[in-house]
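A closer look at the structure
Now for the letters of each chain:
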Amino acid sequence: MKIDPSIRSQMILPNRLPAKNPLSKAIFYLLLSVFAVLFAMPLYVMIVTSLKSMDEIRMGHIFALPITPSFDAWDMAWNKAASGFDNTGLKSGFWNSVIILIPSLAMSVAFSSVCGYALACWNVKMGNFLLMALLVCAFIPFQVIMYPLIKMSVAVKLYNTSFGVSVVHTVLALPILTMIFKNYFASIPEELIKASRVDGGRFWGTFVYVVLPLSPNIMIVVAIMQITGIWNDFLVGLTFGNVKAYPMTVNLNNITQTQTGVRVYNVYMAAAMLTAIPPLLIYFFSGKMFIRGITAGALKG
Amino acid sequence: MAKVKGTSFVHRHAASLAVVPVMLIALVFYFGSAVWSMVMSMTASKIFPDMTFVGVKQYIRLFSDALWALSLSNLGWYALGSLGSLVLGFFLAVMLESNLAGERFFKTVFLYPMAVSLIITGLVWQWLFNPSMGLQQFFRDLGLQDFDFNLVGKKETVMWALVIASIWQSTGFYMVLSSAGIKGIDSEVWAASRIDGISKLRMYIEVIIPMMKFTFLTSFVLLSIGAVKAYDIIVAMTNGGPGGHSELPSYYIVDMYVNRQNIGMGAAGSTILLALVLGFILLFGAINLLSKKKE
Amino acid sequence: MSTVSVKNIDKVYQGKTHVLKDLSLAIESGEFLVLLGPSGCGKTTLLNCIAGLLDIEGGRIEIAGKDVTNKDPSDREIAMVFQSYALYPTKTVYGNMAFCLRMKKKPKSFIDKKVQETAELLQISELLHRKPATLSGGQRQRAAIGRALVRDAAVCLFDEPLSNLDAKLRTEMRIELKKLHNKLRSTFIYVTHDQVEAMTLATRIAVMDGGQFSQISTPDELYEHPANMFVARFIGSPAMNFIAGTLRLEGAKSILVTREGLEFDVSHYPFVVKPSHGHQVVLGLRPESFHRPTGKGATYQLTNGILEPLGATVLYYCQLGGTDVVVSFNPTDLQGVKTDQALEVSIDLEALSIFDAATELRL
């Protein structure tokens with residue numbers, strides 16, 4: 001009687017000490033549940049508030065479910081809210097964010113992957129020095145380079161344009177992404193690169209035919225990182241963007257910061273939800289990749 | 001690298017050339033800007049650059065500004081408070097290591113705030129802290145009359161509001177980092193501890209936590225730098241109020257550049273910020289080297 | 001008194017797969033019992049059950065006379081050495097060895113004395129202040145053994161401790177372990193898939209196959225009288241040769257006839273139960289049971305041979321009447337022999353085994 005291989009892997013010791021003590025297990029569950037509720041609470045409030053009417057909200061029962069849930073506030077937020085320049089709602093902001101996102105993603109991934117590949121798989125003079133420099137760059141706060149960046153973007157007429165925002169995002173992402181790519185590509189077995197060169201492949205050939213096909217995972221991770229980061233960005237979009245074409249986060253802030261008039265919290269929450277949904281969807285569907293993305297970004301520090 | 005006959009200069013140096021764009025960007029945008037900031041901070045620039053050298057006058061002006069001093073002290077409290085993310089994240093990771101059912105569910109719940117923009121974080125928590133319609137009202141309705149949870153409205157407590165929002169946002173991240181660190185212990189070592197009769201608590205204190213020194217150090221640096229960079233959340237939650245009591249240096253600098261139009265002082269502030277960040281990195285490097293030497 | 005008694009234990013995974021079924025084993029005090037078998041046979045599972053790291057679904061386990069079936073590993077008076085050493089990475093060797101005793105609140109002087117003594121025994125006294133990451137594989141192994149021995153447990157369990165060492169170190173450590181056991185006289189239960197280790201170290205070997213005991217006996221007994229073809233195949237290197245055939249009973253004589261017509265006179269074979277005429281059997285011949293013709297008894301032809309000189313012996317891969325066999329000779333026996341001719345040999349009929357072709361059990 002042979003033992004099924006699928007079982008065999010579980011025959012290795014039950015890893016840790018499961019909290020055999022049922023008391024501690026119960027306490028843990030309780031604590032975890034309490035925290036889970038606390039963490040989920042803001043999202044719940046956001047959703048619930050966005051579905052209520054302002055009268056209901058003014059009654060002050062923040063956790064109560066809406067009496068008659070309605071998507072009016074959502075409609076308002078998407079189509080009609082005053083978002084700074086005009087009353088077109090978040091709709092335009094959404095598309096602006098997309099317009100900013102796509103070139104940023106393309107450029108940042110293209111430049112950093114090629115550079116990371118060169119540093120990882122080829123002999124580049126001063127390669128190590130460049131990596132150290134990039135490491136330092138990754139930590140430099142935006143405020144330090146903000147003003148010169150503004151001046152430079154004005155000079156090349158990219159200031160106040162969506163493409164300018166994309167360029168700035170690319171610049172900001174290059175240090176970290178290059179390091180991430182470098183570390184990933186460095187883990188590709190050297191023999192594969194050598195074999196490719198023996199077969200006549202050179203720099204680009206090896207990149208396109210050998211390295212890239214091995215990289216779907218890291219590409220997804222980087223894409224998730226960038227999409228989330230760029231979509232959620234505020235300051236860069238505000239500083240460099242076209243006043244008529246701000247990304248969604250800036251629109252959101254404008255909507256909610258109106259000092260005049262009535263504060264329509266249901267619309268604000270609906271607007272927040274609309275802005276949060278794209279990255280949240282990515283998060284809920286990509287699970288592990290998302291985690292790998294954030295840890296990849298951090299562990300290079 | 002063997003040179004293949006007949007290939008062009010471009011081909012032979014393809015790798016080095018590929019690196020050039022990034023190198024240029026790093027040099028020009030990052031180092032160039034840093035140098036520019038440092039230079040400008042020592043000039044008399046106001047709305048327009050003015051290359052008159054004034055030594056450390058801008059810095060003196062900067063540090064005489066009560067608002068700047070306030071923002072620095074706020075930064076200290078904020079960074080300290082943010083450590084809560086690390087502590088909470090670690091404990092959550094420890095609890096989740098007990099092989100409980102629903103581990104994935106819990107992890108998903110703790111981590112989702114990371115996916116959300118800081119503007120939204122600030123907005124939601126501002127709403128939660130709303131005195132008449134938010135949490136304060138909730139607690140009052142429960143019978144606790146005069147319960148005070150208006151953290152955002154009062155200058156003594158506004159930083160705590162920011163800290164709470166920021167802990168909500170980043171705990172998941174530090175939970176993931178801690179989890180990875182805890183999993184670094186081989187399952188056979190756990191088995192050995194069971195045979196030796198060593199309690200889980202002891203294992204954490206004497207084996208796991210020491211093993212995670214590097215992770216903790218890295219987290220501390222990341223948290224500090226995150227605090228230094230914090231901007232969006234202030235805009236969304238408090239706009240620096242009340243009375244500048246929730247301003248942080250990054251916010252102050254942007255304000256200085258954009259609203260108060262003072263390049264000189266903005267540059268000075270940026271340079272200080274840069275120094276802070278570099279300081280943290282050096283500290284990190286030093287501690288890392290020291291602990292490696294001890295082994 | 002450090003006996004171990006395993007009675008009718010069952011281990012079931014996920015409610016359905018019986019990994020261990022109704023196993024029983026009695027281990028005497030001071031034995032070096034080896035659990036031997038291929039991967040997946042359940043030997044490590046059994047060890048973990050004895051250790052208390054895995055729960056059992058049926059049966060009892062007694063250690064040192066006490067029922068420990070429901071007790072935690074730390075209450076079972078056992079110590080364990082793991083395949084990957086499992087040393088606490090943040091502690092020094094001294095710390096590793098002292099950890100358990102510290103938890104038991106033993107006085108510091110006592111702990112110190114015990115650790116120093118054990119370190120002396122294992123020759124790692126100079127390594128006490130070092131951390132595992134700075135040690136070599138062999139040193140880590142000794143540290144792991146030290147951690148186990150310092151506790152003076154009734155029984156010491158070993159889970160393939162030598163698998164991660166290189167061949168030379170493995171041989172050295174094997175001898176060390178044997179010396180250790182001779183000196184300490186404690187009960188060792190040792191898991192391995194390497195039959196050489198088992199044969200050299202064990203006082204008794206329990207061969208396992210598919211969650212069951214195939215045979216439990218001394219190394220000699222296992223080698224000379226394997227109870228079934230699995231054990232016969234597993235023990236001994238090069239492995240035993242098997243030739244299929246039929247048993248022909250002619251009066252007082254019993255002849256084993258192979259398919260190709262070779263005949264072996266097995267009249268003196270001590271059958272446990274004599275099978276009937278025409279029964280399908282398998283003949284088992286160890287490589288060393290072949291000799292140059294002695295003049296007595298039948299001789300056989302080995303054809304199509306390839307020589308593999310190993311220095312002290314020579315292996316001869318050839319055919320005996322159509323079946324591939326491996327024969328081992330003294331180099332002197334084969335002097336002047338050319339491999340393109342057939343080689344004449346006689347076979348030691350005292351040392352053969354006969355198995356039932358269907359059940360693979362020894363007859």
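Since we're looking at a predicted model, the values are computed, not measured.

**Comments concerning the overall build of chain C**
Check the secondary structure of chain C and you find 8 helices and 20 strands. In terms of principal-axis extent, the alpha carbons of chain C reach across some 75 × 50 × 35 Å. When each of the 363 residues of chain C is scored for burial, the buried share is 40%.

**Details of the overall build of chain B**
Counting its secondary structure elements, chain B contains 14 helices and 0 strands. Going from N to C terminus, chain B has its helices and strands arranged as α-α-α-α-α-α-α-α-α-α-α-α-α-α. Over its C-alpha atoms chain B spans a radius of gyration of 25 Å, topping by over 25% the 19 Å that the globule rule assigns to 295 residues. Along the first, second and third principal axes, the C-alpha set of chain B runs to 75 × 70 × 40 Å. Residues counted as buried form 50% of the 295 residues belonging to chain B.

**Brief notes about the domain arrangement of chain C**
Residues and elements named next belong to chain C. Partitioning chain C into domains gives domain 1 (4–234) and domain 2 (241–356). Relative placement of domain 1 and domain 2: their C-alpha centres are 39 Å apart. Residue composition of the side of domain 1 that touches domain 2, grouped by class: 3 nonpolar, 1 polar and no charged.

**Digging into the interface of chain B and chain A**
Taken together, the contacts link 81 residues of chain B with 78 residues of chain A. Of the residues forming the side of chain B that touches chain A, the biggest block, 17 residues, is contributed by helix H2 (residues 14–40) of chain B. Along the lines of polarity and charge, the residues of the side of chain B that touches chain A split into 58 nonpolar, 16 polar and 7 charged.

**Side note on the domain arrangement of chain B**
All names here are of chain B. Assigned domains of chain B: these are domain 1 (1–40) and domain 2 (57–294). Here the C-alpha centroids of domain 1 and domain 2 sit 36 Å apart. Each side of the interface is counted separately: domain 1 has 4 residues, and domain 2 has 6 residues. Residues of the side of domain 1 that touches domain 2, tallied by class, amount to 3 nonpolar, 1 polar and no charged.

**Let's talk about helix H9 (residues 187–195) of chain B**
All names here are of chain B. The buried fraction of H9 amounts to 8 of the 9 residues, a majority that puts the element mostly inside the structure. Residues Glu188, Val189, Trp190, Ala191, Ala192, Ser193, Arg194 and Ile195 constitute the buried set of H9. A positive phi of about 70° marks glycine 197, the residue just after H9.

**Observations regarding helix H10 (residues 200–211) of chain B**
Residues and elements named next belong to chain B. Listed in full, the buried residues belonging to H10 are Lys200, Met203, Val207 and Ile208. Down the axis of H10, the sector holding all buried residues measures 85°, keeping them to one side. Residues of H10 that are exposed and point over 90 degrees away from its buried face: Leu201 and Ile205. Buried positions along H10 lie against helix H8 (158–182) and H9.

**Things to note about the confidence of the model for chain C**
Averaged over all residues, the pLDDT of chain C is 88; the fraction at 70 or higher stands at 99%. The ipTM value of the predicted complex is 0.82, and its pTM value is 0.81.

**Some remarks on the sheet that holds strand S1 (residues 4–13) of chain C**
All names here are of chain C. Taken in spatial order, the 4 strands of this open sheet run S2-S1-S4-S5, and their pairing is antiparallel. At either end of the open sheet lies a strand with only one pairing partner, and these are strand S2 (17–27) and strand S5 (66–67). In this structure, S1 lies alongside S2, joined through 7 bridges in antiparallel fashion. Residue pairing in the sheet places isoleucine 9 in a bridge with leucine 23 of S2. Of the strands in this sheet, S1, S2 and strand S4 (58–63) are in contact with helix H1 (residues 43–51), which crosses S1 at around 115°.

**With respect to the pairing of strand S7 (residues 155–159) of chain C**
Residues and elements named next belong to chain C. With respect to burial, S7 is a largely interior element, 5 of its 5 residues being buried. On S7, burial covers both faces: Val155, Leu157 and Asp159 on one face and Cys156 and Phe158 on the other are all buried. The pairing of strand S6 (residues 78–81) with S7 spans 4 bridges and is classified as parallel. Along S7, the bridge assignment pairs isoleucine 78 with valine 155. Relative to strand S8 (residues 187–192), S7 runs parallel, the two sharing 5 bridges.

**Quick word on the environment of lysine 131 of chain C**
Residue and element names in this part refer to chain C. Structurally, the position occupied by lysine 131 is in the loop between helix H3 (108–121) and helix H4 (137–149). Residue lysine 131 is classed as partly exposed on the basis of its C-beta count, with 17 C-beta atoms lying within 10 Å. Taking the C-alpha atoms as reference, lysine 131 lies 19 Å from glutamate 117; in sequence the two are 14 residues apart.

**Focus on the environment of glycine 172 of chain B**
All names here are of chain B. You can see glycine 172 is positioned in helix H8. For glycine 172, a count of 25 C-beta atoms within 10 Å corresponds to the buried category. Note: C-alpha distance between glycine 172 and serine 85 (87 residues apart in sequence) is 8.0 Å. Those residues within four positions of glycine 172 in sequence are excluded, and the remaining contacts are Phe110, Leu111, Pro113 and Met114.

**Some points on the sheet that holds strand S10 (residues 212–217) of chain C**
Residue and element names in this part refer to chain C. Taken in spatial order, the 6 strands of this open sheet run S6-S7-S8-S3-S9-S10, and their pairing is mixed. With partners counted over all chains shown, the strands left at the sheet margins are S6 and S10, one partner each. The average undirected angle you get between the axes of adjacent strands in this sheet is 20°.

**As for unusual backbone geometry**
For the bond running from serine 237 of chain C to proline 238 of chain C, omega is 0°, close enough to zero to count as cis. Mapped onto the elements of the fold, proline 238 of chain C is located in the loop between helix H8 (229–234) and strand S11 (241–250). At lysine 157 of chain A, a position not held by glycine, the phi torsion is positive, near 60°. Along the chain, the position of lysine 157 of chain A falls in the loop between helix H7 (142–155) and helix H8 (162–186). For lysine 157 of chain A, a count of 9 C-beta atoms within 10 Å gives the class exposed. Positive phi values are uncommon outside glycine, yet glutamate 77 of chain C reaches one of about 55°. Here glutamate 77 of chain C shows up in the loop between S5 and S6. Judged by C-beta crowding, with 16 C-beta atoms within 10 Å, glutamate 77 of chain C ranks as partly exposed.

**Observations concerning the packing of H8 of chain A against helix H11 (residues 216–232) of chain A**
Residue and element names in this part refer to chain A. Interhelical geometry of H8 versus H11 gives an angle of 155° and a closest axis separation of 11 Å. Between H8 and H11, the angle falls in the class roughly antiparallel. H11 is crossed by H8, and the crossing has right-handed handedness. Between H8, through His169, Ala173, Leu177, Ile180, Phe181 and Tyr184, and H11, the contact on the second element is made entirely by Ile218, Val222, Gln226 and Ile230. Among the residues forming the contact of H8 with H11, the class breakdown is 8 nonpolar, 2 polar and no charged.

**Digging into the confidence of the model for chain B**
Summarising the model, chain B shows a mean pLDDT of 83, and 94% of its residues fall at 70 or more. Here helix H1 (residues 9–12) of chain B stands out as the element of chain B with the lowest mean pLDDT, 66, in contrast to helix H4 (residues 66–96) of chain B, whose mean of 90 is the highest.

The rules we used
- Residues numbered from 1 in each chain as written.
- Chains lettered and ligands numbered in written order.
- Predicted model: local features only at pLDDT ≥ 70, side-chain atom pairs only at ≥ 80, totals over all residues.
- Helix = DSSP H or I, 4+ residues; strand = E, 2+ residues; numbered from the N terminus.
- Buried ≥ 20, exposed ≤ 12 C-beta atoms within 10 Å, placed from the backbone.
- Rg over C-alpha atoms; globule rule 2.2 N^0.38 Å.
- Domains from an automatic or database assignment.
- Nonpolar A, V, L, I, M, F, W, Y, C, P; charged D, E, K, R; others polar.
- Contact = placed C-beta atoms within 7 Å.
- Arc of directions from axis to C-beta.
- pLDDT = per-residue confidence, 0-100.
- Pairing = 2+ DSSP bridges.
- Axes fitted to C-alpha atoms, helices over the stretch in contact; angles between N-to-C directions.
- Parallel < 35°, antiparallel > 145°, perpendicular 65-115°, else oblique.
- Left-handed = near helix turned anticlockwise from the far one by under 90°.

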